[in-house]
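Descriptive analysis of the structure
Here's the letter readout for the chains.
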Amino acid sequence: MDFQEKLVHDLVAKYGTDRENLLPILQGVIDQERYLSEEAILKIAKEMSIPAADVYGTATFYSFLDTEPRGKYVIRVCKTITCAMKGKNQIIQAIESFLKIKVGETTIDKKFTILQTNCLGWCHKAPAMLVNDDVYTELTPDSVVDILREYREEN
Amino acid sequence: MTTTKKQLHRIDLIFKNEQDCKEILRNALARSNQEVINEMVNSGLKGRGGAGFPTGLKWKLTAEQKVDEKFVICNADEGEPGTFKDREILTRVPHKVLSGMAVCAKIIGARKGYIYLRGEYKFLVPNLKKELRRFHDILDELGLDFRVEIFMGSGAYICGEESALFESMEGKRGEPRNKPPFPTEIGYLNKPTVINNVETLAHSYTILKYGAKKFRELGVKDSRGSKVFSVSGDTPIPGIYELELGMSVQDFVDDFGDGDTKAVQVGGASGFLVPRKRFGKTSIGYQGKLTGISLPTGGSMMIFNSSRSMYNVLNNYLDFFEEESCGQCTPCRVGCQQLLKGIKAVKRGEKPASYLDKLLKLTDTMKLTAKCGLGQSVANSFSSIVENFREEMIY
Amino acid sequence: MSNMVNLTINGIAVSVEEGKTILEAAEKLHIKIPTLCYHKDLCVAGNCRVCVVEQVGNNKLVASCAMPVSEGMEINTNTLKVRNCRKHIIELLLTEHNEECTKCYRNGHCELQELAAEYQITNQDFIDLVPDKSYTVDRISPAIEKDDSKCIRCQRCVRTCAEIQSVGAIAVAHKGSEMKISTVFDRALDEVVCTNCGQCIVHCPTGALTEKSYVEKVWDAIADPETHVVVQTAPAVRIGLGEELGFDPGTRVTGKMVSALRRLGFDSVLDTDFTADLTIMEEGTELLTRLKRALVEDDPDVALPMATSCSPGWVKYIEHKYPEYLPNLSTCKSPQQMFGALAKTYYAKKIKVDPQNIVSVSIMPCTAKKYEANRPEMKDSGYKDVDFVLTTRELAVMIRQAGIEFEKLNDESFDSMMGTGSGAAVIFGATGGVMEAALRTAYEIVTGREVPFENLEILPVRGLNGVKEVSIKIEGTLDDWKFLEGVELKCAITNGLENAHQLMDNIKNGDRFYHFIEIMACPGGCLGGGGQPYPVDNDVRLKRMQAIYNEDSDLAIRKSHENPEIVQIYKDFLEEPLSHKSHKLLHTTYVKREQY
C-alpha cells in the first residue's frame, strides 16, 4: 500500500463511507498532499462507492479543494473589495517578485503556490492572506516578504 | 465631526464576558418548551445572517415536526464580503452560541448539532474544540443529550445559503435546493433542521438571560434588539460594533466615516449601496418589504470615500459573484457574467451608455427568477450603484 | 384517496392531488408552460428557470416545475412580467451557447432552438460569451460526441446517467461561470465508465450530446459500385422509425422501412430478427447446458444465474461495475454481432460475393451498438463484422435526404436467407422479450410442449416495472431432460441500469437466487434505446411496447426454433447450437474494466 492509498484508506476508515463524509475526507487528503490528484480522486471514489466524476465534480465546486498540483505552502491573497482598496495589488507584486513566480504558479522547489481568493473575512484589517490555514493581516509589501522569508527558511 | 450630532447607541450585550452559562442553561432547560418559544417569539429576534426570518417562529415550526431525528445547525459560513462579526463572536463568546444551540435542541428535540465553519476560519478550530469539550461536560452535568460537532467548509460563498449548506454537509456540491420544502421540514439529511446564524444564537442567550422584554426595548418596530456590525472600508475605526437596530445611515456615517464619505454599502456585496444624498433617509433594519427606506444587513457596512471609483467597486463585486455563483440556475450564472462583461464594455465604449438600462432590466429578471435568496440578491449592488453613480460607469 | 387542492391558473379553476406541481396542474388545463431542465423521467431540478410563473401575493416568480400547488393559489402563466423574464432567460442561455444552429447536428430537433423561435429572439442584446469560454468538444468515442459549447447546463444528462443508469460517467463540475458537465478530470467519454447507452442523448435538449454519425460513410458505401451493402434492422427500429418521420408513437412501419431501405440503395435488406432467433437457439442451449452442469454434474464452477448479453450497454456496465460476474454473462454475441459475423461468411458464400467487398450496416435503436461494433473482438469473420451502425434517427435522416415520401411507401418484405424473424425475435425490442422468447423455445425443447401461458404470452415478464420476476415449474420433461423434472426455473428481468444495479446487488448479497436474468440497459428495453427518436417518456415507451407485442401476435411463426431460416442455417452451415462453428462466429469473451 503506498502512502496515498494508506492515507485514503485511513481517512475513509476514520469517517466512514457515507456520502456526508466526503468533504472531511477530501480535506484530509488536501491537508497532506495540498491537492487532489487524479489517483487520489479515483481511490476515494472506489473506497466510498461514489462515481469518480461525482467526486471530481464535488471537489471542483470548492475553492480550497484544488485539483491541480500545489506547493507545500499555498498563499491565498484576498482580492475582494476592502483588500483591493487597501493595496492587495502591491502585496501580490511583492510576493511575485520575492518568489519569482506569478499568481497561479508554483515555485520549482514546490514550496509555494500563489493564488488569489475571495473574501477571507478580515476586511477591517485589510489586506489579508492565508498561508495554508494561517492568517496574516494588515499586510505591507515589506511585512509579507518577512513572513514568507520565514516560511522559506524553515526546515 | 460635529458635537451636536446624535450619538449612536452602542450596546454591550453580545461580547459581555459572562461566565454564567451553566446557570442560564439550567434555568432555560427547566422551563417548558412553550415558554421558551414564547420568549423567543416575543423578543422579536430575527435572523442575523441577513435574511431576517423570525427566530422564534423557526424554532416553533421545527418543534412541531413529528420526526425522531432533528438537527440544530449553526451557520458560521460567513462569506459575505465585508462581514467578519461571526468570527469575532466565535472567538470571544463561543459558549453563548453553544448555549443557544443547546436550548434550541432541547425544544425541537435534536440530539445532534453542527457548526458549519467556513474553511477560511480553520484556525479557530483548536479553540472551538476546547470550548466544545467544556460545554459537553456542562451538558452531561445538566443531563441534556446533545452533542455539537464542527463541520468545515472548503471555500464556497454560496454554502452560506442554508439549503446549499445542507448539500455541502451531505458531501455534495453546495447548490441551493428548491423551496419549499423549507429546512424546518426537510433540512440536513432530509430531517427537520433549525439553522441559525452565529449571532442569532448568541442573541438567544441574551434573551434567555435578560428576557424578551429587555431585548425588545432595543431597536424599532420590525427590527428589535441590537446587531453586531462589521465596519470596514474608508473609516478610521474599522472593526466590530454592537449597535441598536434602526439607526440611520447618516448617524452611522457621522460616527464611523472619515469625513469624506461618498457612499455606504449595506449588507455586503449582495446588499445595497446608499449614496450620500440618501444617508438621512435610509435606516438599518428588517422590514417586511424592501422599500429602500430600511435596509437589512448581515452586519456588513462598507464605507467608501470620494477617492473611490464606484466602477471599481462594482467590478470587484461582480467579479466575486461571477466566480461564487453556484452556477446551477440561469439568471444567476449567466446574469452575473453579463453584468460584469456589460459594465466593462460600457466603460471601454464598446457598448453605449444606454446598454446600462438593458442591464438594469436584466437585474429585475435576476431578482425575480433566481433559484435562491442569494441569486435573487446578487444584482442588488449593480442596480443601486448604477442608478446612483451612472456617470462613473461611463466615463 | 389523496387530498385534492384547488387553485386557479390564468383565472381557470383546477383541482389536483396534493403534492402535484403548478406545471402538472397547468398540463391538466392544457396550458403549456415552457421547460428545459424538466423531464418526466427525472427528478425535479428547477435550475433553468424558464418555467417561471407569477403567483399572486408572491413578489418573486416561482418555478412551476418545482413549486407544489397549495389551496387557493392563484397562478398566472402569461403576464408581461413572466414573458419578459422568460425571454431574458432564453436570451441568457443563448449567450453561453454556440449559436451555429445551421451547422448543428440537432438543427430542427433542439428544444432551445424551438423556444428561441417561440419567443422570437431575433436580436442579440447581450454580449456573446462563447468566445471567452474554452469549450471542449469530445469526439473520441465511436458512439457519443459531447460538445460543451452547445450545453445549457440543465443537468438532464447528469441526472439521467446517475438516476436512470446508475453509471455516473458525467457530473456537474466547477462553479459560477466555469460550471460545466464533465467526466472525471474531463477525460474523454471513451476513457471512463460510460456505457455508451445514449440515454444522455435522448434526454439532452440541445446538440451538446449526440451520437457519432456514420451517415456519410454509409452513403459512400452505397455509392461505391464495388461493394455489396448489406443492411440489418433491429426489432425496435420498425416501431420507432415512424415516430421520427411524422407518425404517432407506436406506429409499426416494418414494410415501409424495408421499402425505404431498398430505395436508399442497400443491396440486401435483411433482418436482425433472424439472428435474434439464432441468439435464442444458442443462448437457450447455453442455459440448458449450464443447468445440466449445475444440477447433474454438480459442477461448482458453473456460473448461475446466466445473464443475457444482447445489450452492449449492459455488457460494458457489468465489465466496469461487476467484473467478478463476467462468467455469468452468456457468451453469445448480440444479434447484431452474430449477424455481422454471418453476413461476411455464410451469407457471402450463399450470394457468392467476396466478403472483402461486403459492407455490413446495421440500423439500431442504440448508440452502444456503435461501440460494440468497434470492439476489437468483433472480427470473427476475418473482417470487421459490422462496419457501420446507424441509429433509428440516422436512418430517418437518410430517408429524408433521399427525398422519399415515407408515408406513401408500399409495404415490402425482407430479402431471404437472413431476413426472416419469428415473433419471438420481434419482442427482443421490449424489456422481457429475450426472456419470453427463450422460455418459449427452452420450455418446448425440454418438455415437447408449448410454454404454459395463454397464446404464448408470458405476461409477468412484460411491462415497465423495474425488476420483474417469473418462476416456471418444469414438469413432464422429455427423456433427455429428466434432470430438470420438477425444477422451478427462477428468472428475473430488468430494464435501465439503475434497476440492473439493484438486481445485481440483490444477487451479490445472496438476497435473491435466479437461474436466468435478462438485463437491458435502457428503460423499456431497446424500444427506449439511446438511438430512438426523442422526446421520450413512459407514455411513449408503452405505446412502442404495444406495437412490439402487436407485431409479435400478428406473425404466424412466434417461436425461434420454428423459424425456417434458422432450421436451414443449422442444416447448411452451423450444424447445431454451440457447435465448433457457432463458437467461433457467434460467441465472444469479455473484458474486466476499471470501475471508474
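We now turn to the structure provided with this report. Just so it is clear, the model here is predicted, and its values are computed rather than measured.

1. Section: the overall build of chain C
Within chain C, the secondary structure is distributed over 19 helices and 18 strands. By the compact-globule yardstick of 25 Å for 596 residues, chain C fits well, its C-alpha radius of gyration being 25 Å. Projected onto the principal axes, the alpha-carbon positions of chain C cover approximately 80 × 60 × 50 Å. Relative to its full complement of 596 residues, chain C shows a buried share of 55%. Across chain C, every contact between residues at least 6 apart in sequence was considered, and the portion connecting residues at least 24 apart equals 74%.

2. Considering the packing of helix α3 (residues 55-63) of chain B against helix α5 (residues 94-108) of chain B
Any two packed helices are characterised by how steeply their axes cross, that is the angle between the axes, and by the distance between the axes. All names here are of chain B. Contact geometry of α3 with α5 gives a least axis separation of 8 Å together with a crossing angle of 35°. Contacts between α3 and α5 pair Trp 59, Thr 62 and Ala 63 from the former with Cys 104, Ile 107 and Ile 108 from the latter. The residue makeup of the contact of α3 with α5, split by class, is 5 nonpolar, 1 polar and no charged.

3. Points about the pairing of strand β1 (residues 73-78) of chain A
Residue and element names in this part refer to chain A. Of all the 6 residues making up β1, 6 are buried; the element is thus mostly covered by neighbouring parts of the structure. Going residue by residue along β1, you find Tyr 73, Ile 75 and Val 77 tucked away on one face and Val 74, Arg 76 and Cys 78 tucked away on the opposite face as well. The pairing of β1 with strand β2 (residues 112-117) spans 6 bridges and is classified as parallel. What sits directly across from Tyr 73, in β2, is Phe 112. Two elements, β1 and strand β3 (residues 129-131), share 3 bridges in a ladder whose sense is antiparallel. From the neighbouring strand, Val 77 faces β3, where its bridge partner is Met 129.

4. Observations concerning the pairing of strand β10 (residues 272-275) of chain B
Residue and element names in this part refer to chain B. Inspection of the sheet shows strand β9 (residues 261-266) paired to β10 by 4 bridges, in the antiparallel sense. Within β10, the position partnered with Val 264 by the bridge is Val 274. The antiparallel hairpin formed by β9 and β10 contains 5 residues in its connecting segment, where Gly 267 sits at a positive phi of about 95°.

5. Notes on the interface of chain C and chain A
Each partner contributes residues to the interface: chain C has 15 residues there, and chain A has 13 residues. The element contributing the most residues to the side of chain C that touches chain A is strand β8 (residues 171-173) of chain C, with 3 residues. Split by residue class, the side of chain C that touches chain A holds 9 nonpolar, 5 polar and 1 charged.

Cut-off values and rules
Residues numbered from 1 in each chain as written. Chains lettered and ligands numbered in written order. Predicted model: local features only at pLDDT ≥ 70, side-chain atom pairs only at ≥ 80, totals over all residues. Helix = DSSP H or I, 4+ residues; strand = E, 2+ residues; numbered from the N terminus. Rg over C-alpha atoms; globule rule 2.2 N^0.38 Å. Buried ≥ 20, exposed ≤ 12 C-beta atoms within 10 Å, placed from the backbone. Contact = placed C-beta atoms within 7 Å. Axes fitted to C-alpha atoms, helices over the stretch in contact; angles between N-to-C directions. Nonpolar A, V, L, I, M, F, W, Y, C, P; charged D, E, K, R; others polar. Pairing = 2+ DSSP bridges.

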